[in-house]
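A look at the structure
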Amino acid sequence: MEFFKQQNLDWMSKAKYFFGLSLTLLLVGVVSIIAKGGLYYGIDFKGGTVVNVRFAGPPPIDMLRAGLANQGLGNSTIVPVSDIANPNTNEVLINLEEKGQGAEALDAGKTAILNALHATLGSGEAGKQDFNSVGANEVSTVLTRKDPLGLGTAAGDRYNQLSRQIVAYRDKDRRGIVTNLNDLSAAGATPPVLAVLRDAFYAGSFAIINVEIVGPKVGSELRLQAIYVTLYALAGMLVYIAFRFEWVYGAAAVLAVFHDVLITLGLFSIFHFEISLTVIAALLTLVGYSMNDTIVIFDRIRENLRLMRREPFDAIVNRSINQTLSRTILTSGLTFLTVLVLFLMGGQVLRAFSFALVVGIMVGTYSSFGIAAPLVVAWNHWRGQEAGVLATGTAAGNKARKG
């Protein structure tokens, strides 16, 4: 499928505008990073505690913030969770950066957040457990001890099964929150069972969906490893392209990929998305995606150098980009639509990951013809050549040709 036939766009004459746009984006990103004191790292890299809390109604953000400050947790952050598919999730992420070392310091951070939540929103009825924070084992223990169905020796297995049904109903059908214990009748709880549950539990106004804890030392090591693995990937690609084409092509491709990563990180700072291990995976994905698109253009340039021996190098590069334009629109457009849906409807957990892919595909596609190709042309002009030099070796299949 070809969207454009016999197009003759002069891309290289617009190189100065491409460079100007990229420089503007890079400067804006750097200014944002400096103004905000660095990138916003998730607990994967800085260490700390993240508690995912779901409420029965709209989260009282201001009350939570004041309650955390009263408990000495003023340095914590509260991030509402929402997406287009489900804008009213009634969830928040409470992030607490942990400065201490060891398991005790990390457990203390988790306990402090939970204590602040109970102190702010109420600790329920005295002598009873919050039903929204217990598991099937606790429910089964209560039912087995009280035996509301009069099962006798067969109580254990029956109440274990009933408890799993009740908790599954709470977690799946009611999204972790039961506001009235009488609603558990829909999960198979009979009136005698409901009476026992009401005596032992109360229905709280919130539930802890998930808790993540990472030590600061582990986070620091992960941050260094993420930097190393990105640099190793770029070095490997540089060697490959230098062998397949010529070192200047490898250098241009790697500079374009650096350009993609830096612009993406700058946009992460501007929109205040956190850098986590999943974001590093997305960055490595966009590195490979951008490099693949660049190699396709370079390969077409190499083919055209054999066919258009008398043409200026600028014209050869323009022809090569135009010939691969339909392919670029098809592959990049389809991939962009996929990750855009993931960004809009994938939820908070995948938000930063999908944002990196959305930005990376756009910037990576642009840099292939707007940064990498013009850099090669600029190098050839600097060397005073009209036709490019394309290296080979066994992979390329022909020897270097000078204009």
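Residues numbered from 1 in each chain as written. Predicted model: local features only at pLDDT ≥ 70, side-chain atom pairs only at ≥ 80, totals over all residues. Heavy atoms only, no water.

1. Considering the sheet that holds strand E6 (residues 206-214)
Spatial strand order, E2-E3-E1-E6: 4 strands in an open sheet with antiparallel pairing. Sheet topology places strand E2 (77-81) and E6 at the edges, where each strand pairs with a single neighbour. For this sheet the average axis-to-axis angle between neighbouring strands, irrespective of direction, equals 20°. Pairing of E2 with strand E3 (residues 91-97) involves 5 bridges; the strand directions are antiparallel. Within E3, the position partnered with Pro80 by the bridge is Val92. (Pairing = 2+ DSSP bridges. Helix = DSSP H or I, 4+ residues; strand = E, 2+ residues; numbered from the N terminus. Axes fitted to C-alpha atoms, helices over the stretch in contact; angles between N-to-C directions.)

2. Details of the nonpolar core
With 59 residues, the main nonpolar core has Tyr249 and Ile301 as its most contacted residues. Elements with a minimum of two residues in this core: helix H8 (216-244), helix H9 (247-270), helix H10 (277-307), helix H11 (313-323), helix H12 (325-345) and helix H13 (351-382). Membership of the second largest hydrophobic core comes to 22 residues, among which are Phe131, Ile166, Leu184 and Val193. (Core = buried A, V, L, I, M, F, W, Y, C linked by side-chain atoms within 4.5 Å. Buried < 20%, exposed > 50% of the residue type's maximum accessible area, 1.4 Å probe, protein only.)

3. Some details on unusual backbone geometry
At Asp147, a position not held by glycine, the phi torsion is positive, near 50°. Tracing the backbone through its elements, the reader meets Asp147 in the loop between helix H5 (136-146) and helix H6 (155-173). Notably, His272 is not glycine yet its phi reads approximately 60°, a positive angle. With respect to the helices, strands and loops of the structure, His272 is situated in the loop between H9 and H10.

4. Here we look at the environment of Gly127
Its location among the elements puts Gly127 in the loop between helix H4 (102-121) and strand E4 (129-130). Through-space distance from the C-alpha of Gly127 to that of Phe201 is 8.6 Å; in sequence the pair is 74 residues apart.

5. What to know about the side chain of Ser367
When you line up the elements, Ser367 lands in helix H13. Accessibility expressed as a relative area gives 0% for Ser367, which makes it buried. A polar atom in the side chain of Ser367 sits 3.5 Å from the side chain of Ser290. With near-sequence residues (within four places) excluded, Ser367 lies in contact with Ala256, His259, Asp260, Ser290 and Ala372. (Polar contact = N/O pair within 3.5 Å; in protein donor to acceptor, adjacent residues only side chain to side chain. Contact = heavy atoms within 4.5 Å.)

6. Considering the confidence of the model for the chain
Overall, the prediction assigns the chain a mean pLDDT of 82, with 88% of residues at 70 or greater. Put simply, H4 is where the chain has its lowest mean pLDDT, 72, and helix H1 (residues 15-35) is where it has its highest, 93. Segment residues 386-403: pLDDT under 50, and 50 contacts once partners within four positions in sequence are set aside and those in other chains are kept. (pLDDT = per-residue confidence, 0-100.)

7. A short note on the packing of H10 against H11
Running from N to C, H10 and H11 cross one another at 125°; their axes reach a closest spacing of 9 Å. If you check the angle between H10 and H11, you find them oblique. The crossing of H10 and H11 is right-handed. On the side of H10, the interface is formed by Ile297, Arg300, Ile301, Asn304 and Leu305, while H11 contributes Phe313, Ile316, Val317, Arg319, Ser320, Ile321 and Gln323. Considering only residue class, the contact of H10 with H11 consists of 7 nonpolar, 3 polar and 2 charged. (Parallel < 35°, antiparallel > 145°, perpendicular 65-115°, else oblique. Left-handed = near helix turned anticlockwise from the far one by under 90°. Nonpolar A, V, L, I, M, F, W, Y, C, P; charged D, E, K, R; others polar.)

8. A short note on the environment of Asn115
If you trace the backbone, Asn115 turns up in helix H4. A C-alpha to C-alpha distance of 9.2 Å links Asn115 and Leu68, two positions 47 residues apart in sequence.

9. A few points about a nonpolar patch on the surface
Residues Leu224, Ile227, Tyr228, Leu231, Tyr232, Phe258 and Leu262 make up a contiguous nonpolar surface patch of roughly 710 Å² in combined accessible area. Among the secondary structure elements, those contributing two or more residues to the nonpolar patch are H8 and H9. The greatest single-element share of the nonpolar patch, amounting to 5 residues, is contributed by H8. As for its placement among the helices and strands, Leu224 is situated in helix H8. Accessibility expressed as a relative area gives 43% for Leu224, which makes it partly exposed. (Patch = residues over 30% accessible without salt bridge, like charges linked within 9 Å, V, L, I, M, F, W, Y side chains within 5 Å. Areas by Shrake-Rupley, 256 points an atom, 1.4 Å probe, with all protein chains shown as cover. Salt bridge = Lys/Arg side-chain N within 4 Å of Asp/Glu carboxyl O.)

10. As for the packing of H12 against H13
Running from N to C, H12 and H13 cross one another at 160°; their axes reach a closest spacing of 8 Å. By the angle between their directions, the pair H12 and H13 is classed as roughly antiparallel. Handedness of the H12/H13 crossing: left-handed. The residues of H13 that touch H12, namely those facing Thr328, Ser332, Thr335, Phe336, Val339, Leu340, Leu342, Phe343 and Leu344, are Arg351, Phe353, Ser354, Phe355, Leu357, Val358, Ile361, Met362 and Thr365. Its residues placed into classes, the contact of H12 with H13 shows 12 nonpolar, 5 polar and 1 charged.

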